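Residues per chain are reported as follows:
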Amino acid sequence: MAAHEVSPDDGDTVSEQKKIAVPPEVEDAVKTLLRWAGDDPEREGLVDTPKRVARAWKEYCQGYAEDPAHHLSRVFEEVGGYDEIVLLKDIPFQSHCEHHMAPIIGKAHIAYLPDSWVVGISKLARVLHAYARRLQVQERLTAQVADCIWEHLKPRGVAVVVEATHACMTARGVRTPGVTMTTSRMMGVFREDQRSRKEVLALMGFE
Ligand SMILES: Nc1nc2c(ncn2[C@@H]2O[C@H](COP(=O)(O)OP(=O)(O)OP(=O)(O)O)[C@@H](O)[C@H]2O)c(=O)[nH]1
Ligand SMILES: [Zn+2]
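Residues numbered from 1 in each chain as written. Chains lettered and ligands numbered in written order. Predicted model: local features only at pLDDT ≥ 70, side-chain atom pairs only at ≥ 80, totals over all residues. Heavy atoms only, no water.

1. A closer look at the coordination of the zinc ion (ligand 2)
- With distances of 2.0 to 2.4 Å, the protein atoms coordinating the zinc ion (ligand 2) are Cys97 (SG), His100 (ND1) and Cys168 (SG).
- Donor residues binding the zinc ion (ligand 2) come from one chain and are separated in sequence as C-x2-H-x67-C. Within this pair, whereas His100 is found in the loop between β2 (86-97) and β3 (103-113), its partner Cys168 is found in helix α6 (residues 167-170), the two being separated by 68 residues in sequence.
- Since its relative accessible area comes to 12%, Cys168 is described here as buried. (Donors = N, O, S within 2.8 Å, 3.2 Å for Na, K, Ca; no water. Helix = DSSP H or I, 4+ residues; strand = E, 2+ residues; numbered from the N terminus. Buried < 20%, exposed > 50% of the residue type's maximum accessible area, 1.4 Å probe, protein only.)

2. What to know about the sheet that holds strand β6 (residues 157-166)
- Read from one edge to the other, the open sheet built from 5 strands follows the order β5-β2-β3-β6-β7, with strand pairing classed as mixed. Of all the strands in the sheet, just β5 (135-136) and β7 (181-188) have a single pairing partner and so form its edges.
- Sheet strands in contact with helix α4 (residues 122-132) are β2, β3 and β5, and its direction is about 15° off that of β2. (Pairing = 2+ DSSP bridges. Contact = heavy atoms within 4.5 Å. Axes fitted to C-alpha atoms, helices over the stretch in contact; angles between N-to-C directions.)

3. Some thoughts on the site of ligand 1
- By nearness alone, every residue bordering ligand 1 is listed as Cys97, His99, His100, Val137, Gln138, Glu139, His166, Cys168, Met169, Arg172, Gly173 and Met181.
- The side chain of His100 places a nitrogen or oxygen atom 2.6 Å from an oxygen atom of ligand 1.
- One of the side-chain N or O atoms of Arg172 is found 2.9 Å from an oxygen atom in ligand 1.
- With the chains in place, 51% of the 620 Å² that ligand 1 exposes on its own is no longer accessible.
- Only α5 (138-153) and α6 provide two or more residues apiece to the shell around ligand 1.
- For the shell around ligand 1, the class distribution of residues is 5 nonpolar, 5 polar and 2 charged. (Near = heavy atom within 4 Å. Polar contact = N/O pair within 3.5 Å; in protein donor to acceptor, adjacent residues only side chain to side chain. Areas by Shrake-Rupley, 256 points an atom, 1.4 Å probe, with all protein chains shown as cover. Nonpolar A, V, L, I, M, F, W, Y, C, P; charged D, E, K, R; others polar.)

4. Side note on the packing of aromatic side chains
- Counted under the stated rule, the structure contains 1 aromatic pair.
- Their ring planes at 90° and their centres at 4.9 Å tell us that Trp57 and Tyr60 sit as a pair that is edge-to-face. Residue Trp57 and its partner Tyr60 are located together in helix α3 (residues 49-60), separated by 3 residues, close to a single helical turn.
- Accessibility expressed as a relative area gives 23% for Trp57, which makes it partly exposed.
- Note on Tyr60: relative accessible area 34%, which makes it partly exposed. (Phe/Tyr/Trp six-rings, centres within 6.5 Å; stacked < 30°, edge-to-face > 60°.)

What follows is the structure, encoded as structure tokens:
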């Protein structure tokens, strides 16, 4: 899979990140890991690394501080009677696998069939990132995004497809690059009605 760019969000700016205090035990944990990996945490190039790593992990995992459902709390009812599929395609995301804490990099396609209201389209990506910025397995990430939209937006159908590469498979372990994992979750009409399911998959680019 081609490298995916992750869009800048409205989260921490560089200067805000630098203000986050790092508890000494977190810094020590990174030093221990550096030593265990075979390097010297006191050498010049590594002196600030424990703090950087700690802050980077706060950023990778900032989804824990978010309530994903909150992003779906504002809906719009004046949509001129629009009652077809709404799809946000090719949303790039980054996550980390809970087994190795290695990057998961991919893209998600999120669709829903509205009932009487819609949500601001950016909010679908926000829900995705709120769950992706945690330690994950891809199956759970996919299910959580679909379930959140189903439960809080109450649409007639939800379809979520996630395609991603796992660094734990490419950079270590089986070391097999070029492998993409695909997961999906269909709810409501997309689960029950074959025609609707086919239609949404075709819109996503899967014939
Ligand atoms: N189903 C699923 N598996 C994942 C995901 N991310 C990583 N894994 C896998 O989780 C498994 C963990 O297996 P273990 O045998 O406990 O760990 P391991 O010895 O490091 O496994 P290897 O990666 O095969 O070296 C590995 O097969 C990973 O490829 C994910 O999102 N979903
Ligand atoms: Zn892994």
